[in-house]
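Fold and geometry: a report
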Amino acid sequence: MSALLPLFPLELVLFPGMALPLHIFEPRYKEMIGECLEHDTPFGIVRAIEDGIAQIGCSAEVVTVVKRYEDGKLDIVTRGLKRFEIVEIHQDRSFIEADVKFLAEQTYADAEAKKKAFDLHQSLVLMAASGQAVPILDPPDDLLSFYLVSQLPVDLDFKQTILAMPSEAQRLATLIEYYEAILPKLGKAIQAKKKSGSNGHVV
């Protein structure tokens, strides 16, 4: 079964469970979000790419309207709901709509993999902070991968790849590979910076 979903292409990747504030100012999206608010229905956020939009996106709901402007603009906070795959695009209206197929979540992941991914993430955060105080994360029990990748300063291609992966176990394994590859490089860069600061050149 497919569902018809209005789409909001953006240069970002939204993940299930993650919050996203939006400023709605284009007339077509004021119309779209207005309908979603009126009927309490979701819309889809998809990554805008050079030749169109990504095939996999994430549905979203409006959690709260922060501000309404006199000219109809809106400041809203949304939250990601479910991953979907675009089946067919419709351009009959001012905004894009699509028949989408919602993707089943394979949520099981080994407890050891969850702990390893989270610990590596914390190590990366602490290392990047260079001794500065950092907040202690309170990760969700389910879909930890989406939470972790949403916190990372990685490129959109990587985030889109994670979004498209069908299982939590596969996503966590990919993130663990990323952490294990980047942590040594970051450590060396920090040490080089310290040496450069102390003697004027990098050894």
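The text that follows walks through the structure, step by step, so that each part is easy to find. (Residues numbered from 1 in each chain as written. Predicted model: local features only at pLDDT ≥ 70, side-chain atom pairs only at ≥ 80, totals over all residues. Heavy atoms only, no water.)

A word on the overall build of the chain
Spelled out, the test is: Only DSSP runs of H or I reaching four residues or more are called helices, and only runs of E reaching two or more are called strands; each is numbered from the N terminus. Classification of residues uses two cut-offs on accessible area relative to the type maximum, computed with a 1.4 Å probe and protein chains only: under 20% is buried, over 50% is exposed, and between them is partly exposed. Here, residues are in contact when the closest pair of their heavy atoms is within 4.5 Å.
What the chain contains, in helices and strands, is five helices and seven strands. Along the chain, from the amino end to the carboxyl end, the secondary structure elements read β-β-α-β-β-β-β-β-α-α-α-α. Referenced to the eigenvectors of the C-alpha coordinate spread, the extents of the chain come out at roughly 65 × 40 × 35 Å. Here the chain, with 203 residues, has 38% of them falling under the buried criterion. For the chain, the share of sequence-separated contacts (at least 6 apart) that also reach a separation of at least 24 residues comes to 65%.

Here's the deal with the environment of S167
Structurally, the position occupied by S167 is in the loop between α4 (156-164) and α5 (168-199). The class for S167 is buried, based on a relative accessible area of 12%.

As for the packing of aromatic side chains
The following threshold applies: Stacked, tilted and edge-to-face are the three classes assigned to paired rings of Phe, Tyr and Trp, where Trp is represented by its six-membered ring and a pair needs centres within 6.5 Å; plane angles under 30 degrees give stacked, over 60 edge-to-face, the rest tilted. A ring is scored as having a charge over it whenever the NZ atom of a lysine or the CZ atom of an arginine sits within 6 Å of its centre and within 35 degrees of its normal.
In the structure shown here, the tally under the stated rule is six aromatic pairs. Members of the aromatic cluster, joined through ring pairs, are F8, Y29 and F43. The ring centre of F102 lies 5.8 Å from the NZ or CZ of K82, which sits over that ring.

Focus on the pairing of strand β7 (residues 97-102)
Regular strands place side chains that alternate from one sheet face to the opposite one. Cut-off, in case you're wondering: At least two DSSP bridges between two strands are needed for those strands to be called paired.
Pairing analysis gives four bridges linking strand β1 (residues 3-10) to β7, with the strands arranged antiparallel. Directly across from L5, in β7, lies its bridge partner A98. The hairpin turn running from strand β6 (residues 74-90) into β7, its antiparallel successor, is six residues long.

Details of α4
Keep this limit in mind: What qualifies as a polar contact is a pair of N or O atoms within 3.5 Å, subject to a donor-acceptor requirement within protein and to the restriction that residues adjacent in sequence count only when both atoms come from side chains.
Taken together, the buried positions of α4 are F158, K159, Q160, I162 and L163. Between a side-chain oxygen at the N-terminus of α4 and the backbone nitrogen of D157 the separation is 3.1 Å; the capping residue is D155.

Here we look at unusual backbone geometry
One can expect most non-glycine residues to show negative phi and most peptide bonds to be in trans. With phi around 55°, D40 is a residue other than glycine that occupies positive phi space. Here D40 is to be found in the loop between α1 (27-39) and β3 (43-49). For D40, a relative accessible area of 70% puts it in the exposed group. Although it is not a glycine, L143 adopts a positive phi angle of roughly 50°.

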